[in-house]
Amino acid sequence: MSLAVSLHHRFPSIQLDIAFQVPSPGVAMLFGPSGSGKSVTIAATAGLLRPDSCHIEVDGQLLADTSSGVWLPPERRRTGLVFQDSRLFPHMSVAANLRFGLRRVAPGAVQFDDVVDLLDIRPLLDRRPHRLSGGERQRVAIGRALLAQPRLLLMDEPLASLDAARKAEILPFLTRLKTALKLPVIYVTHALDEVARLADSLVLIEAGRVVAYGPVSEVVARADLPLARRDDAGALLLCRVEAHDPCRVLTRLQGGGAAFLVPLLDLPIGCECRIRIPAREVILAGKPPDAISLHNIVPGTIRRIAEDLERRSVLTEIALPEGALLSRVTPDAITRLGLSIGSPVLALIKSTSIEVLGAPALSRNSLTSPGAGTN
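Residues numbered from 1 in each chain as written. Predicted model: local features only at pLDDT ≥ 70, side-chain atom pairs only at ≥ 80, totals over all residues. Heavy atoms only, no water.

> Help me out: how do you make sense of the nonpolar core in this one?
Soluble globular proteins tend to bury their nonpolar side chains together. Core analysis: the biggest nonpolar cluster contains 51 residues, and L98, I142, Y187 and L202 have the highest contact counts within it. Contact partners of L98, with chain neighbours within four places excluded, come to F112, V116, I121, L125, V140, G143, R144 and L147. Core analysis: the next-biggest nonpolar cluster, separate from the first, contains 30 residues, C239, C273, I277 and I334 among them. (Core = buried A, V, L, I, M, F, W, Y, C linked by side-chain atoms within 4.5 Å. Buried < 20%, exposed > 50% of the residue type's maximum accessible area, 1.4 Å probe, protein only. Contact = heavy atoms within 4.5 Å.)

This is the structure:
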């Protein structure tokens, strides 16, 4: 199953040439600067904008194909829309806003009580929108979109209007949503933290064109893409919790074909999680150091070297057996180590530099208490 979008449209100031195909279900993030064409892609997919030419298909269902004259109107596309502002009806209670999504659709798999519990909004049902926080309003807006029984969920920068605290509040609910409902989602953002937490596929868009697309862990670790030149560039890996060591206050993760030690986590053995490793925190070495404080010495192979002239540095892409890391170093470091494409290399990473996304730290006492699972 897949989600395929191809559209071409000429505006006075920009010409859009967007095309990508990603697995479904999953969250496909459209990432790029403002004005690059992300929101236009959402509008065309929803049927709110008719491009000069397009082909849009979701899990074998054709929504639009201008070459054959197919153009389903918005009400027949079964797309759920969530915008930057919640667009709730101010005169209705939360419950009435949620049920509004049920008015024009046949009963489906998404049930009212399930959505209320999934988004933890039961205590809010009798309130009006003006009595909700920004994060609460967005959760209600997401619930209303889900109750419209969509085959595709479209989210146009749903967290852009929230401050950092409200954003941190709603991200866990979005993570829960994508795990529980298994819908195809197109999600527009220019925030890399949202990409790291939520994306399964990443579509990079600049000046109306797709620069690259594919699995998020592959795209973010490509040293030749503009994304790697950001200060917050880094690799993403899907990991599994392999063991806890309460005596050392460490947890061992397995991901990308490598093992990583991180500060003790409050996650069960076997649990899956994502880790993010900033490029600026990855040191390169030709051989293991004799004595060093860091825990992670990960062997890999240099796959790509790209100069970043603006920062007078070099981005190196390090291939792992099942993934990749990204490292930012000086050109002198490449020369001194004699590194080139295909060179074996060691990536040195502090445990405290590895961000385990959405996972709380675990105290030493909670793992050493009776009944705690340790290895």
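> Which parts of the structure should I look at to understand unusual backbone geometry?
Outside of glycine, negative phi angles account for most residues, and trans bonds account for most peptide bonds. With an omega of 0 degrees, the peptide bond running from S24 to P25 counts as cis. Tracing the backbone through its elements, the reader meets P25 in the loop between β2 (15–23) and β3 (26–31). Positive phi, close to 50 degrees, is recorded for K182, a residue that is not glycine. Its place among the elements puts K182 in the loop between α6 (164–181) and β9 (184–189). You will see that A207, though not glycine, has its phi angle at about 50 degrees, which is positive. On the basis of relative accessible area, A207 is assigned to the exposed category, the value being 57%. (Helix = DSSP H or I, 4+ residues; strand = E, 2+ residues; numbered from the N terminus.)

> For this particular structure, what's the right way to read helix α5 (residues 134–146)?
Residue pairs three or four apart in sequence face the same way in an α-helix, which turns once every 3.6 residues. The terminal C-alpha atoms of α5, which comprises 13 residues, lie 19 Å apart, in line with the 18 Å expected from a rise of 1.5 Å per residue. For α5, the full list of buried residues reads G134, G135, E136, Q138, R139, V140, A141, I142, G143, R144, A145 and L146. For α5, the elements touching its buried residues are β7 (79–82), α3 (94–100), α4 (112–118), β8 (152–156) and α6. (Expected span 1.5 Å × (residues − 1).)

So yeah, pure geometry; function would need other evidence.
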